[in-house]
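# A closer look at the structure
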Amino acid sequence: MKHQQILDKLALGVIPSLVQDETHMLARQSFYEAKHAGHRGARYAEVVPPLLRRWGPLMTRHSDRNELMTGHRVAIALATCLHKVGLIEPSLTERALRGIDELNDAVWLSDEFARQSPAYADLLRSTPPALSKAPAVREPLTFTRPGDLLAVNTDRGYVLAHVHGDTGTNEAPILELYRQIYPVLPAADQVVGTQAAGEQLGNGPVTNSHIAVVGLRHIPDPAEQILLLASGQNRTPDTSHLTTKDYLHTRMSLYEFLDYLESPSSRLTPTPTA
């Protein structure tokens, strides 16, 4: 039984392939860092928690039967992709195994899925070997467009970003962050043209900042963390309060970008409460 055989039977659109992309991206980085430190394989702390933070909300929605079954399939995809890179989260594996049973009880997927379910369960219960080589990742691609206004749902609130363009040919979107964080999703006209966040290195001046986010592929985001608030926006963030810095952009992976948004160094400012 191959991991890909499970992913191919989930009937969940681009989610299984995207979960695999992101798992491989995190595991690849972790593998190289572990190898440099004299260890083998990818490390749990660098792969599992970030994936669960991003994809976990889809597994907790139970307002209707479709959401429940989607959550089961996301859990199966996550557990399968983690197993493939030599990692296990026991509670996730249990959720995936329960999901296999409930999907079959509901006759939600194909007869082939039902027939192969015992083999799927055996694979997920088995102890995976540690990675012996870095997993392959697909060439970066983005479906964002210049002028898109994106809203990223973080623990701090909604962070807004203007898409200026992309690197290469549709490789990675180049974003400029708005400074204000919003506790609820704002309307586009509340955001467009307001102050940019900028960046500050050490005790230097606060300058303009563009970030190329590698791995931000689909908009709308299948994980429902990054939303398209508006498109075709010609008005860019206000940078009149910033020192102009002549450089192209800072390059970050999707998960480095998400971590950055949670950090004080991002210079994002929560909206004052009444």
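Relevant structure appears above.
All residue numbers refer to position in the chain's written sequence, counted from 1. In keeping with the predicted nature of the model, local features appear solely for residues at pLDDT of at least 70, side-chain atom pairs appear and are counted solely at 80 or more, and the whole-chain, interface and lining totals rest on all residues. Side-chain metrics in this entry use all non-hydrogen atoms of the structure; hydrogen atoms and water are not considered.

With that out of the way, let us pick up the overall build of the chain. What counts as a helix is a DSSP run of H or I of at least four residues, what counts as a strand is a run of E of at least two, and both are numbered from the N terminus. A tally of regular secondary structure across the chain gives eight helices and nine strands. Only C-alpha atoms enter the radius of gyration; for comparison, a globular chain is expected to reach 2.2 Å times N to the power 0.38, where N is the number of residues. Taken over C-alpha atoms, the radius of gyration comes to 20 Å for the chain, in line with the 19 Å a tight globule of 274 residues would show. Principal-axis analysis of the C-alpha atoms gives the chain an extent of 60 × 50 × 40 Å. For the chain, buried positions account for 49% of its 274 residues. Whether two residues touch is decided by their heavy atoms; if any such pair falls within 4.5 Å, the residues are in contact. The long-range share in the chain, meaning contacts at least 24 apart out of those at least 6 apart in sequence, stands at 73%. For the area figures, the Shrake-Rupley method with a 1.4 Å probe applies, and any residue is considered shielded solely by the protein chains shown. In the structure as shown, the chain presents an accessible area of about 13,300 Å², 51% of it carried by carbon and sulfur atoms. Within the chain, one finds 26 positive and 30 negative side-chain charges whose respective centroids are separated by 4 Å. Burial classes: relative accessible area under 20% of the type maximum marks a residue as buried, over 50% as exposed, and values in between as partly exposed (1.4 Å probe, protein chains only). Positive: Lys, Arg. Negative: Asp, Glu. His and the chain ends are not part of the count. One atom stands in for each charge, and that atom is NZ of Lys, CZ of Arg, CG of Asp or CD of Glu.

Next up on the list: the environment of Pro16. Here Pro16 lies in helix H2 (residues 15-36). On the accessibility criterion, Pro16 (6% relative accessible area) is buried. Spatially, the C-alpha atoms of Pro16 and Ala37 are 31 Å apart, while their sequence positions differ by 21 residues. Excluding anything up to four places from it in sequence, Pro16 contacts Leu7, Leu10, Ala77 and Cys81.

This brings us to unusual backbone geometry. Put simply, Ile219 and Pro220 share a cis peptide bond, and its omega is 0°. If you trace the backbone, Pro220 turns up in the loop between strand S6 (211-214) and strand S7 (226-230). The phi dihedral of Asn170 falls on the positive side, at around 55°, and the residue is not glycine. Among the structural elements, Asn170 can be located in the loop between strand S2 (157-167) and strand S3 (172-182). Accessibility expressed as a relative area gives 28% for Asn170, which makes it partly exposed. For Arg267, which is not a glycine, the phi torsion comes out positive at approximately 65°. Among the secondary structure elements, Arg267 is positioned in the loop between helix H8 (254-262) and strand S9 (269-270).

The term salt bridge refers to a side-chain nitrogen of Lys or Arg lying within 4 Å of a carboxyl oxygen of Asp or Glu. Put simply, Arg267 is tucked away with no salt bridge, and the nearest opposite charge, on Glu199, sits 9.3 Å away. Any N or O atom pair separated by 3.5 Å or less is treated as a polar contact, with the protein-specific requirement of one donor-capable and one acceptor-capable atom, and with residues adjacent in sequence counted only for side-chain atom pairs. From its side chain, Arg267 meets the backbone oxygen of Ala197 in a polar contact 2.4 Å long. Excluding residues that lie within four positions of it along the chain, Arg267 makes contacts with Arg179, Ala197, Gly198, Glu199, Gln200 and Val206.

Here the nonpolar core consists of buried residues drawn from Ala, Val, Leu, Ile, Met, Phe, Trp, Tyr and Cys, with membership extended through side-chain atoms lying within 4.5 Å. Counting residues in each nonpolar core, the largest one holds 64 residues, and the members touching the most others are Trp55, Leu177 and Phe257. By residue number, the principal contributor to this core is helix H4 (residues 65-84), which donates nine residues. Not counting residues within four places of it along the chain, the set of residues in contact with Leu177 comprises Val159, Leu160, Ala161, Ala196, Ala197, Ile211, Phe257, Tyr260, Leu261 and Leu268. Core analysis: the second largest hydrophobic core is formed by nine residues, Tyr158, Leu160, Tyr178 and Ala230 among them.

Another aspect to go through is the packing of helix H3 (residues 44-59) against H4. Between N-to-C directions, angles cover 0 to 180 degrees, with each direction set by a line fitted to C-alpha atoms, over the stretch in contact for helices. Look at H3 against H4: their axes get within 9 Å of each other, and the N-to-C directions meet at 165°. As far as their axial angle goes, H4 and H3 are roughly antiparallel. Remark: the crossing between H3 and H4 carries right-handed chirality. Each of Val47, Val48, Leu51, Leu52, Trp55, Leu58 and Met59 in H3 lies in contact with H4, whose residues at this interface are Glu67, Gly71, Val74, Ala75, Leu78 and Leu82. Gly is placed with the polar residues, together with every amino acid not listed as nonpolar (Ala, Val, Leu, Ile, Met, Phe, Trp, Tyr, Cys and Pro) or charged (Asp, Glu, Lys and Arg). Its residues placed into classes, the contact of H3 with H4 shows 11 nonpolar, one polar and one charged. Our angle categories are set so that under 35 degrees counts as roughly parallel, over 145 as roughly antiparallel, 65 to 115 as roughly perpendicular, and the remainder as oblique. Each helix crossing is assigned a hand: it is left-handed if the near helix lies turned anticlockwise from the far helix by less than a right angle, otherwise right-handed if that turn is clockwise.

You can see Asp21 is positioned in helix H2. Residues within four places of Asp21 in sequence aside, it is in contact with Arg138 and Arg217.

For strand S1 (residues 149-154), the tally of buried residues reaches five of six residues, placing the bulk of the element in the interior. Two strands pair if DSSP finds at least two bridges between them. Pairing geometry for S1 and S2, over six bridges, is antiparallel. Across the sheet, the residue bridging to Leu150 is Ala161, located in S2. In this structure, the hairpin formed by S1 and S2 is closed by a connection of two residues. Relative to S7, S1 is paired through four bridges, and the arrangement is antiparallel. Within S7, the residue paired with Ala151 across the bridge is Leu227.

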